[in-house]
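Structural overview for review
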Amino acid sequence: MAAYLCSIAALARSLGKSEQDPNLLYAVDRASARFRSAVGHNVTKETRTLVLDPPAGETLLLPAKGVSAIAVKLGGESLEHVEYSPRTGALRRRGGWGSDLGSIEVTYTSGSDEVPDDVADAVAEQAASIYATLATPGVQQISQGVRSITFGTASTVGTTQRWTEAVERHRLDGQGVL
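These numbers were taken from a predicted model, which means no experiment stands behind them.

1. So, the pattern of salt bridges
Enumeration according to the criterion identifies seven salt bridges in this entry. One salt bridge in this structure joins glutamate 58 and arginine 94, with 3.7 Å as the shortest N-O distance. With glutamate 58 in the loop between β1 (46-52) and β2 (59-61) and arginine 94 in the loop between β6 (90-92) and β7 (104-110), the pair connects residues that are 36 residues apart, well separated along the chain. Here glutamate 58 falls in the partly exposed class, since its relative accessible area comes to 31%.

Take a look at the structure:
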């Protein structure tokens, strides 16, 4: 399981709940996973190895920004002369990458050592919203004889402006630079 993108302790304290509350842990896990899905990468530091097919030209786009270490192999041979753009995630090899499918292996480390503050705030807000939905039953019904009253609460969780702005800053195809 990937690390949570907000502080369990701080969220539990702000909601007046226990850090061991299973609904709280679930809400933070889901909010963290949703953020990662929205931005297209892990956010926190991770090392990955990808086997890729060659692009038509000289430039290959990696699904990461903020790469701190990179090693590239082509057909099993290490490459020393590749250019990497931390701004766009582009990896360039002059002369191209050849034509053999699955011949490019890229191992890289990317992400932040610490969760950025704007991400932690957005994920905490989302987790609190998910938690509130979990803590309140979706439908309650009171019946007496032939009379029935039903109360419903929203079972979906929207997003806030803070969430939208953080996703835009950190997503791979956004304008943010990690």
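From this point, things continue past the structure.
2. Description of the environment of alanine 132
Note that alanine 132 resides in helix α3 (residues 117-135). Sequence spacing of alanine 132 and alanine 27 is 105 residues, and the spatial spacing of their C-alpha atoms is 9.1 Å.

3. A look at the environment of valine 123
Within the secondary structure, valine 123 sits in helix α3. Residue classification places valine 123 among the buried residues on the basis of a relative accessible area of 0%. The sequence separation of valine 123 and tyrosine 4 amounts to 119 residues, and the corresponding C-alpha distance is 9.0 Å. Apart from residues lying up to four places away in sequence, valine 123 is in contact with Leu5, Cys6, Ala31, Ser32, Phe35 and Trp163.

4. Things to note about the nonpolar core
If you look at the biggest cluster of nonpolar residues, it comprises 22 residues, and the most contacted ones within it are Phe35 and Val123. Contributing elements (two or more residues each) for this core: α1 (8-15), α2 (22-39), α3 and α4 (161-170). If you tally residues by element for this core, the top one is α3, at seven residues. Among the nonpolar cores identified, the runner-up in size contains 14 residues, and Val67, Leu74, Leu79 and Val106 belong to it.

Quick notes on the rules
Residues numbered from 1 in each chain as written. Predicted model: local features only at pLDDT ≥ 70, side-chain atom pairs only at ≥ 80, totals over all residues. Heavy atoms only, no water. Salt bridge = Lys/Arg side-chain N within 4 Å of Asp/Glu carboxyl O. Helix = DSSP H or I, 4+ residues; strand = E, 2+ residues; numbered from the N terminus. Buried < 20%, exposed > 50% of the residue type's maximum accessible area, 1.4 Å probe, protein only. Contact = heavy atoms within 4.5 Å. Core = buried A, V, L, I, M, F, W, Y, C linked by side-chain atoms within 4.5 Å.

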